[in-house]
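The chain contents come next:
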Amino acid sequence: MLGNFTYHNPTKLIFGTDAMAALSDELRAYGPVVQLVYGGGSIKRNGIYDQVMRALADAGKTVVEDAGVMPNPTVEKLREGVAIARENHVDLILAVGGGSCIDYAKGVAVSANLPESVDPWQKYWVDFDEPAADLEVIPVGSVLTMVGTGSEMNCGSVITNHETKMKVGHVFADVRVFPRFAVLNPEFTYTLPRYQMVAGIFDIMNHITEQYFSGTDDNTSDYLAEGLMRSLVAASRAAVRDPRDYEARSNIMWCATWALNTLIAMGKSTDWEVHMLGQAVGAHTDATHGMTLSAVALPYYRLVMPYGVEKFARFATNVWGVSPEGKSAEELAAAGLDAMETWMREIGCVMSTGELGVTEDMLEGIADSTLIMQGGYHPLSRDEVIEVFRASL
Ligand code: NZQ
Ligand code: ZN
């Protein structure tokens, strides 16, 4: 049964091989000063930087560069970006990169006009406050180069604080935080290292399962989720065989956007515990987001499966095509998770946190960094958190 909800997503998507041609016209809608946010240099090596600079010049913009956004952007980098935005009175923040750049841009956008006395980390990522209605939120636009997070069409911003060992995502309720536009050219993802491509693919899968494994009602959102998962599995197999398969890469890009722009969460409860476990691993290791999820997902799902057997059985048949014949609901549910495991190994997911640098003596500390969610089939106890992490080693 669908509950009450309002769905409002203002992000304009410009998709396909010609998408960049629209950028300069998009830019004209904003004031003259653009903070150009990018990462460690991949956009310079693959030529995307030059294309973006041409569009900025065509639109007559003054560009303030803000480079060096690291994967899993930190609170220190966020403070640097806020200083740049304040000093230059920027009118638009253009993020060119993956989730890290876009999340960071959103963080700067909501923080730049706060009074100096307010600490953005405390306000937004500890207290989960929203920007005040009269606070100016700087508009954000994006050119996506790494597919997975869905940040191009959502209100999430994940920031890491190494000092407190917390990696926290704030999904803002304020629609001003959504990117105003996103340029989505699947060819821009061809230069991604295979490890990043696979991490992104599992991130997408997990965004969908986080929203799927909850509730016992018959819900349109779950059927949408199943369709997205089937498309993702097919496209990921093709992309792993040939990373330059446009059909596969474009389907993966589109799946990623719809997996996490809140559409498939409408009217239902959601879980997000795998992300909490993965983000805790990330806070202690700085490992690649999608791989922190793949390392913990199966031990978690196998632990909670008995509490939501019917949904796991449905996942087995509707997503993985497992035949229910001759199987109990439990056997069918287990076979679905086995099928997911086979696919994860086939595409090259990291299957253990040990590979990401986690050791037994770190487990208590990682458990301290893990937030417990209530929306899934079984909220974890402290002992169960440790059990999942131990099984993930
Ligand atoms: O920094 P550069 O040199 O650009 O290299 C990046 C980076 O090293 C590289 N890359 C990106 N596009 C490339 C490329 N290399 C070659 N060719 C290209 N076309 O890829 C590396 C990873 O990039 P990053 O942006 O860190 O990856 P991703 O998009 O997975 O973003 C991860 C961050 O997003 C957060 C994660 O926690 C993490 O901090 N998330 C954000 C969410 C949201 N906003 O809703 C939800 C997610 O669950 C996730 O938590
Ligand atoms: Zn994710």
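Residues numbered from 1 in each chain as written. Chains lettered and ligands numbered in written order. Predicted model: local features only at pLDDT ≥ 70, side-chain atom pairs only at ≥ 80, totals over all residues. Heavy atoms only, no water.

Draft legend 1. Quick look at the overall build of the protein. A tally of regular secondary structure across the protein gives 15 helices and eight strands. Computed over its C-alpha atoms, the radius of gyration of the protein comes to 21 Å, within 12% of the 21 Å expected for a compact globule of 393 residues. Dimensions along the principal axes, computed over C-alpha positions, put the protein at roughly 65 × 45 × 45 Å. Put simply, 79% of the contacts in the protein that link residues at least 6 apart link residues at least 24 apart. As displayed, the protein offers around 15,300 Å² of accessible surface, 52% of which is attributable to carbon and sulfur atoms. Computing the positive centroid from 29 side-chain charges and the negative centroid from 50, the protein places the two 5 Å apart. (Helix = DSSP H or I, 4+ residues; strand = E, 2+ residues; numbered from the N terminus. Rg over C-alpha atoms; globule rule 2.2 N^0.38 Å. Contact = heavy atoms within 4.5 Å. Areas by Shrake-Rupley, 256 points an atom, 1.4 Å probe, with all protein chains shown as cover. Lys, Arg positive; Asp, Glu negative; His and termini not counted. Charge placed at Lys NZ, Arg CZ, Asp CG, Glu CD.)

Draft legend 2. Focus on unusual backbone geometry. Of note, the phi angle at phenylalanine 128 is positive, near 55 degrees, even though the residue is not glycine. You can see phenylalanine 128 is positioned in the loop between α6 (120–126) and β5 (140–144).

Draft legend 3. Inspection of the site of ligand 1 at higher detail. In the neighbourhood of ligand 1, 31 residues make up the surrounding shell, with Gly40, Ser42, Gly99, Ser100 and Asp103 lying closest. Threonine 191 has a polar side-chain atom sitting 2.8 Å from a nitrogen atom of ligand 1. Interatomic distance of 2.8 Å between a side-chain N/O atom of histidine 207 and an oxygen atom of ligand 1. In isolation ligand 1 has 960 Å² of accessible area, and contact with the protein removes 89% of it. Only α5 (99–111), β6 (156–161), α7 (194–212) and α10 (273–285) provide two or more residues apiece to the shell around ligand 1. Looking at the shell around ligand 1 residue by residue, the class counts come to eight nonpolar, 20 polar and three charged. (Near = heavy atom within 4 Å. Polar contact = N/O pair within 3.5 Å; in protein donor to acceptor, adjacent residues only side chain to side chain. Nonpolar A, V, L, I, M, F, W, Y, C, P; charged D, E, K, R; others polar.)

Draft legend 4. View of the sheet that holds strand β2 (residues 33–38). An order of β1-β8-β5-β4-β2-β3 is seen for the six strands of this open sheet, with the pairing classed as parallel. The sheet is open, and its two edges are formed by β1 (12–15) and β3 (62–66), each paired on a single side. Averaged over all pairs of adjacent strands, the angle between strand axes in this sheet comes to 20 degrees, irrespective of strand direction. Of the pairings in the sheet, the one linking strand β4 (residues 92–97) to β5 comprises five bridges and is parallel in character. Residue pairing for β5: isoleucine 93 is matched across the bridge by valine 140. Sheet strands touched by helix α3 (residues 48–58): β2, β3, β4 and β5. Its angle to β2, the strand with the most contacts, is close to 170 degrees. On the sheet, helix α9 (residues 246–259) packs against β1, β5 and β8 (181–184) and is oriented at approximately 175 degrees with respect to β1. (Pairing = 2+ DSSP bridges. Axes fitted to C-alpha atoms, helices over the stretch in contact; angles between N-to-C directions.)

Draft legend 5. Structural view of the coordination of the zinc ion (ligand 2). At 2.0 to 2.1 Å from the zinc ion (ligand 2) lie its protein donor atoms, namely Asp203 (OD), His207 (NE2), His275 (NE2) and His289 (NE2). The sequence pattern describing where the donors of the zinc ion (ligand 2) fall on their chain is D-x3-H-x67-H-x13-H. Of this pair, histidine 275 sits in helix α10 while histidine 289 sits in helix α11 (residues 289–304), and the two are 14 residues apart along the sequence. The two residues histidine 275 and histidine 289 agree in class, both being buried. (Donors = N, O, S within 2.8 Å, 3.2 Å for Na, K, Ca; no water. Buried < 20%, exposed > 50% of the residue type's maximum accessible area, 1.4 Å probe, protein only.)

Draft legend 6. Quick look at the packing of α7 against α10. Taken N-terminus to C-terminus, the directions of α7 and α10 make an angle of 135 degrees; their axes are 8 Å apart at the nearest point. If you check the angle between α7 and α10, you find them oblique. Across the interface between the two elements, Asp203, Asn206, His207 and Glu210 of α7 pack against Glu273, Val274 and His275 of α10. Tallied by class, the residues present in the contact of α7 with α10 amount to one nonpolar, three polar and three charged. (Parallel < 35°, antiparallel > 145°, perpendicular 65-115°, else oblique.)

Draft legend 7. Molecular detail of helix α8 (residues 220–241). For α8, which comprises 22 residues, the first-to-last C-alpha distance of 32 Å matches the rise-based estimate of 32 Å (1.5 Å per residue) to within 8%. Looking at where α8 begins, the residue whose side-chain oxygen comes 2.8 Å from the main-chain nitrogen of serine 221 is asparagine 219. (Expected span 1.5 Å × (residues − 1).)

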